[in-house]
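Structural overview
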Amino acid sequence: MSTEREGEENVEDRSRTNSSSKKTSSLKMVTKSSSNSKVKSKKKNPKGEKTQEKVRLTTEKQSVFNVIEQEMNNLNDIGHDIWRYAEPGGKEHQSCKRIVDFLKNKGFYMNPVCNDFDTAFRAEFGSGEVGGKNHPNIAFLCEYNADPQRGHSRGHNLLSATSLAAAIGLQRVIGFSKKPLGKVTVIGCPSNENRTFKKELLAAGCFNGIDFVLTAYPANFTCLQPKFLAQLKLRTTFHGRTAGLNPWEGANPINGIVLTQQGLAAHRQTFSPGWQIDGMVPCIGEEPCENPTKASLAYELKASTNVGIKVLNEKLHLCLEGASTASGCKFEEKVIDQPMVPNINCPGFVELYRKNAKLNGFTFHDERTDVMMEPDDISFISHNIPTFKLYYYAGTSAAHGTDEFNRYSGSTEAEYMNIVQGKSLAMMATDIFLDNEVLQGITNKHGTDAAAMNESSFLDN
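The sections below set out a description of the structure shown in this document. (Residues numbered from 1 in each chain as written. Predicted model: local features only at pLDDT ≥ 70, side-chain atom pairs only at ≥ 80, totals over all residues. Heavy atoms only, no water.)

1. A short note on the overall build of the protein chain
What the protein chain contains, in helices and strands, is 11 helices and 15 strands. Put simply, the protein chain has 461 residues, and 52% of those count as buried. Look at the contacts in the protein chain between residues 6 or more apart in sequence, and 79% of them connect residues 24 or more apart. Entry remark: accessible area of the protein chain is about 21,000 Å², with carbon and sulfur atoms responsible for 47%. (Helix = DSSP H or I, 4+ residues; strand = E, 2+ residues; numbered from the N terminus. Buried < 20%, exposed > 50% of the residue type's maximum accessible area, 1.4 Å probe, protein only. Contact = heavy atoms within 4.5 Å. Areas by Shrake-Rupley, 256 points an atom, 1.4 Å probe, with all protein chains shown as cover.)

So, in structure tokens, the structure goes:
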């Protein structure tokens, strides 16, 4: 089998229709056999000017392209059905069944490791294939929960269709291979109230044996290395004393809150970019009175690194100690929610994706770098497995979490770009299978970064 040569360029523009009928791609590609030494051919017109170049695909990538084109209508139907179901987290029964039935029909084996979760699954292909033995297991993630009020305002229906496209594309490569390449897995990830379900799946062994995780999220911008913030939620309670007849013997916990806030305000000028402390006062006493016996503060600490969270927590603690001393109140702290960790990005994935996305005509519209994103439970996966989560421009200016993005996610216009992403991910995974140097480079770099990240972890402190 042949491998991809460097220098591949954009294929011809695709033409498509946005009518109610199913779309078909007009893209023409030239298959490159293993004996070819050139990736692209250049022709000159009579004036000596270069004309459009023809991209030559490897045999493996041509098979990826072909099978996804053949299944495009089915994949888009699945995405639209999930959009119509609009099931909230933990109740995605129809969506989960729709995906599982499709994968079973395509010959995927349903691993029972996720059976304890009603709307999670793990589907695998490659165990009985020559091309699936003793090599990497690449997983694509499906998510299918919707917001109770705004439906699929984050485009999870499109994400699932993209992952399914990538999975059947890679399945075709494995199935046709005459030598070992690897396995392909699809993992269905429901959601929960705290958005930490992927961590639960990880703890339950649902990601055991996975070597790489790839997933693509629709958005109104493009970002190939998003930085998901770490987060620590704390509740602090000041305990005061009633004054009785002598006011000087009392200690007002409200003073503790006010002094803490003043201390943080003084600290803010020392915050690094990306550091955040958001607070609220959820409780002051049990009933109206001049001097309550307790008052509480709730804080969210956010930073792009574990060290940042540690420093913010230390600054907060200093403010609390100072406020306690000045007010005469004792205080206690406790973590009130699941801490979130920052993600580990793998630069090696970016180069692979960029090459294959260009090959499929993706233009990287509104590409952004160093984007700080809200905490995401995929960060837990990234600490254990090399993980690539990207945001791609889906063709709309509507922002995530809006009614407008939900409407766009259910439109025929949105279907085109998520199929492009499915092809790109599958071809990217094919490169990982075929190029051992790339595979080892990503794995080794991730191992080094994960060791450093875990060494600085704030979770056990």
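2. Digging into unusual backbone geometry
Despite not being glycine, Ala-86 has its phi angle at roughly 45 degrees, a positive value. You can call Ala-86 partly exposed: its relative accessible area is 30%. We note that Phe-364 has phi near 60 degrees; this positive angle belongs to a residue other than glycine. By the element assignment, Phe-364 lies in the loop between helix H7 (347–359) and strand E14 (372–373). For Phe-364, a relative accessible area of 9% puts it in the buried group.

3. Focus on the environment of Gln-94
Checked against the element boundaries, Gln-94 lands in helix H2 (residues 93–105). In the structure, Gln-94 is positioned 13 residues away from Asp-81 in sequence and 9.0 Å away in space, judged by C-alpha atoms. Excluding anything up to four places from it in sequence, Gln-94 contacts Tyr-85 and Glu-87.

4. Notes on the packing of H7 against helix H10 (residues 412–434)
Orientation of H7 relative to H10, taken along the N-to-C sense of each, is 130 degrees, at an axis distance of 8 Å. The orientation of H7 with respect to H10, classified from their angle, is oblique. Like other packed secondary-structure pairs, H7 and H10 cross with a definite hand, here right-handed. Facing Phe-349, Leu-352, Tyr-353, Lys-355, Asn-356, Ala-357 and Leu-359 of H7, the residues of H10 in contact are Gln-421, Ser-424, Leu-425, Met-427, Met-428, Asp-431 and Ile-432. Residues that form the contact of H7 with H10 fall into these classes: 9 nonpolar, 3 polar and 2 charged. (Axes fitted to C-alpha atoms, helices over the stretch in contact; angles between N-to-C directions. Parallel < 35°, antiparallel > 145°, perpendicular 65-115°, else oblique. Left-handed = near helix turned anticlockwise from the far one by under 90°. Nonpolar A, V, L, I, M, F, W, Y, C, P; charged D, E, K, R; others polar.)

5. As for the side chain of Thr-58
Relative to the helices and strands, Thr-58 resides in strand E3 (residues 54–58). There is a polar contact of 3.2 Å between the side chain of Thr-58 and the backbone nitrogen of Lys-61. (Polar contact = N/O pair within 3.5 Å; in protein donor to acceptor, adjacent residues only side chain to side chain.)

6. Looking at the packing of aromatic side chains
If you walk through the whole model with that rule in mind, you get 13 aromatic pairs. An angle of 45 degrees between the planes, with centres 5.9 Å apart, marks the rings of Phe-238 and Phe-331 as tilted. Note that Phe-238 is positioned in strand E10 (residues 230–239) and Phe-331 in strand E13 (residues 330–335), a separation of 93 residues in sequence. In this structure Phe-331 comes out as partly exposed when scored by relative accessible area, which is 23%. Just above the ring of Tyr-217 sits the side chain of Lys-389; from NZ or CZ to the centre is 3.7 Å. (Phe/Tyr/Trp six-rings, centres within 6.5 Å; stacked < 30°, edge-to-face > 60°. Lys NZ or Arg CZ within 6 Å of the ring centre and 35° of its normal.)

7. A closer look at the nonpolar core
Counting residues in hydrophobic clusters, the biggest one holds 66 residues, and the most contacted among them are Phe-121, Phe-140 and Tyr-353. A total of 12 residues in this core trace back to one element, the largest contributor, which is H10. The residues contacting Phe-140, other than those within four sequence positions of it, are Ser-163, Ala-166, Ala-167, Leu-170, Val-184, Thr-185, Val-186, Ile-187, Leu-214, Leu-425 and Ala-429. (Core = buried A, V, L, I, M, F, W, Y, C linked by side-chain atoms within 4.5 Å.)

8. A closer look at the pattern of salt bridges
Taken as a whole and assessed by the stated rule, the structure comprises 22 salt bridges. Here Lys-198 makes a salt bridge to Asp-377, at a shortest N to O gap of 3.1 Å. A residue pair is termed long-range when its members are at least 10 positions apart, and Lys-198 in helix H4 (residues 197–203) and Asp-377 in the loop between E14 and helix H8 (378–384) qualify at 179 residues. Salt bridges here are not isolated pairs; linked through shared partners, they connect Lys-233, Glu-300, Lys-302, Asp-337 and Glu-374. (Salt bridge = Lys/Arg side-chain N within 4 Å of Asp/Glu carboxyl O.)

9. Observations concerning the layout of surface pockets
Its volume calculated, the largest pocket comes out at about 980 Å³. Residues of the lining of the largest pocket, tallied by class, amount to 12 nonpolar, 15 polar and 15 charged. (1 Å grid on protein atoms, 1.4 Å probe; cavity = no way out; pocket = protein on both sides within 12 Å on 5 of 7 lines; lining within 4 Å. Points joined across faces, edges and corners; volume = space filled by probe spheres on them.)

10. Some thoughts on the side chain of Lys-389
Following the sequence through the fold, Lys-389 ends up in strand E15 (residues 387–393). In terms of polar contacts, Lys-389 uses its side chain to reach the side chain of Asp-376, at 2.4 Å. Setting aside chain neighbours within four positions, we find Lys-389 in contact with Thr-215, Tyr-217, Leu-224, Pro-226, Phe-228, Asp-376 and Ile-378.

11. A look at helix H5 (residues 253–267)
Its 15 residues give H5 an end-to-end C-alpha distance of 21 Å, which sits within 8% of 21 Å, the value for a rise of 1.5 Å per residue. Where H5 begins, one side-chain oxygen reaches toward the backbone nitrogen of Ile-254, 2.9 Å away; that side chain belongs to Asn-252. (Expected span 1.5 Å × (residues − 1).)

Keep in mind these numbers describe shape, not what the thing actually does.
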